Amino acid sequence: MRTDLYIGGAFAPAAGGRRFAVENPATEETLCQVAEAGADDVDRAVRAARACFESDGWQKLEPRRRGQMLAKAADLLESRAEEFARLETQQNGKPFFESKIDVAMTVETLRYYAGWADKITGATLPSGADAFIYTLKEPVGVVGAIVPWNFPLNLASWKFAPALAAGCTVVLKPASETPLTALLMAEVMEAAGFPAGAFNVIAGDGKTAGAALVRHPGVDKIAFTGSTAVGQGIMREAAATPKRVSLELGGKSPNVVFADADVAAAVRGAQNAIFYGKGEVCAAGSRLVVERSVHDQVVEQLAARAKKLVPGDPFEKTTRLGAVVSRKQQEVVLGYIEKGKAEGASLVAGGKSATVNGKGYYVEATVFDAVKPEMTIAREEIFGPVLAVLAFDDLEEGVALANQSMYGLAAGIWTRDLSKAHRVARAIRAGTVWVNTYNVYDSAAPFGGYKASGFGRDLGREGLEGYLETKTVWVGL
């Protein structure tokens, strides 16, 4: 288990020897003490990334070679998949089967962007006889990637894989709750052949290490996934040293069930939408918007399913609801449950904390019915296994309820009417709209938000574009 910072191709302790504890939220045991980066460590990492970026070894490296290194990293990670998945579960509390999916998706992301490295092209532009005009696509430079604790390694790869494919160098700051797989990934990247400084990992607190990374004049772009409030702060801080910023922020995603839907499938989908990942998912379908004629049927079936989702040891094969990431997050989620009850919502399942063998930060799968749009649990991101159910009478009201949010990250639609599905998908203001499914991802499919859910895209060609500059070259003839 790696516990030191990874800077300039070497693991080393933080300046001054600062360290912090990483806890297993399912057992409340301390896993290890990890080096805590301060501003001086951030500066070292940025300087290492800059030196690598400007070196002949990186600048003159054939794009195909970058792709080969990413592909090699994918192979090495796949060969150690179980080790990484186990560590992910230990630091995050999610079921082991989910962690294995996360690692497999990370491998897929690395392979996808490995294929892009030698396919980045500019264009020849139409011009008069006295000029030849063309564009070049060039890497942005040094990228500061700041990622959250819900999908620690997978979301990190959404940043560093396209950045490296584009020819950038990276300083990765994982969440302080879950730094271990990012640090272990440094071993993989080194073994894959990435030169010293191309990939750096600095663990530490967001207010110290994260803020220093955002403020650093040597960073050309910040790629962030996290809360809307923190994203707003990053925008303000980044303006002092003008740099690119891409933000994938919070969500309060609507999952809309029409009366003509396959109700059994919709109920299964709604369960997956909110309880997969313990609800600690940016795109979680945390607002279930149900047409009134099937409302009672949907709520009854979903409540029954929720009651069967018993929190358990994340390493047990039958566990489908693990521990939330920390005691602090457990308290936040329980606080929202109390607000839901106080504001008049009807609690039909769950609503309490739980332990396994007397330990752990667990929250029961919770369902609230009779939720009004103005209630706190219908407006604010809870980031836990808590579902708010709202009813509607016709299509227009359903769409209006879906859009009645400051967020616009994702949405779901359940209907057998294909025409209706297309109309509603266009009407909903969200970056991803799933139809008769939920919480599915592909490395080729761009992901990101509207409104307060941020801007810019991860994944797909659009994700790669965020790490490229366009240069116009005008040659007089």
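The present account deals with the structure reproduced in this document.

Thresholds applied
- Residues numbered from 1 in each chain as written.
- Predicted model: local features only at pLDDT ≥ 70, side-chain atom pairs only at ≥ 80, totals over all residues.
- Heavy atoms only, no water.
- Helix = DSSP H or I, 4+ residues; strand = E, 2+ residues; numbered from the N terminus.
- Rg over C-alpha atoms; globule rule 2.2 N^0.38 Å.
- Contact = heavy atoms within 4.5 Å.
- Areas by Shrake-Rupley, 256 points an atom, 1.4 Å probe, with all protein chains shown as cover.
- Buried < 20%, exposed > 50% of the residue type's maximum accessible area, 1.4 Å probe, protein only.
- Pairing = 2+ DSSP bridges.
- Right-handed = clockwise from strand over helix to strand, strands pointing away.
- Axes fitted to C-alpha atoms, helices over the stretch in contact; angles between N-to-C directions.
- Parallel < 35°, antiparallel > 145°, perpendicular 65-115°, else oblique.
- Left-handed = near helix turned anticlockwise from the far one by under 90°.
- Salt bridge = Lys/Arg side-chain N within 4 Å of Asp/Glu carboxyl O.

Quick notes on the overall build of the protein
Per the secondary structure count, the protein includes 16 helices and 24 strands. The globule rule puts the C-alpha radius of gyration for 477 residues at 23 Å, and the 23 Å found for the protein is close to it. Here the C-alpha coordinates of the protein stretch approximately 70 × 60 × 40 Å along the principal axes. At a minimum sequence separation of 6, the contacts of the protein that also span at least 24 residues come to 74%. Total accessible area computed for the protein in this model is approximately 18600 Å², and 51% of it derives from carbon and sulfur atoms.

Things to note about the pairing of strand β11 (residues 244-248)
Most of β11 is tucked away: 4 of the 5 residues are buried. In the sheet, strand β10 (residues 221-225) pairs with β11 via 5 bridges, with the strands oriented parallel. From the neighbouring strand, Phe224 faces β11, where its bridge partner is Leu247. Handedness of the crossover joining β10 and β11 through helix α9 (residues 228-238) is recorded here as right-handed.

Concerning the packing of helix α3 (residues 63-79) against helix α5 (residues 96-116)
Orientation of α3 relative to α5, taken along the N-to-C sense of each, is 165°, at an axis distance of 8 Å. The angle between the axes of α3 and α5 places the two elements in the roughly antiparallel class. Crossing angle aside, the handedness with which α3 passes α5 is left-handed. Taking contact as the criterion, the partners of Gly67, Leu70, Ala71, Ala73, Ala74, Asp75, Leu77 and Glu78 in α3 are, on α5, Val103, Thr106, Val107, Leu110, Arg111, Tyr113 and Ala114.

Remarks on the sheet that holds strand β14 (residues 346-349)
Within the open sheet, the 7 strands sit side by side as β14-β17-β18-β13-β12-β20-β21. Their pairing is mixed. With partners counted over all chains shown, the strands left at the sheet margins are β14 and β21 (432-435), one partner each. Here the average twist between neighbouring strands, direction ignored, is 25°. Pairing of strand β20 (residues 410-414) with β21 involves 4 bridges; the strand directions are parallel. Bridging across to β21, Gly412 finds its partner in Trp434. Sitting on the sheet, helix α14 (residues 395-403) is in contact with β12 (254-257), β13 (287-291) and β18 (386-392), with an inclination near 150° to β18.

Some points on the pattern of salt bridges
Taken as a whole, this structure holds 28 salt bridges when the rule is applied. A salt bridge links Asp102 to Lys94; its shortest N-O distance comes to 2.5 Å. Lys420 serves as the salt-bridge partner of Asp260, at 3.2 Å between the closest nitrogen and oxygen. Of this pair, Asp260 sits in the loop between β12 and α10 (263-275) while Lys420 sits in helix α15 (residues 418-427), and the two are 160 residues apart along the sequence. We classify Lys420 as buried; its relative accessible area is 14%. The network of salt bridges with common partners includes Arg2, Arg80, Glu83 and Glu187.

Fair warning: the whole summary comes from geometry, so function is off the table for now.
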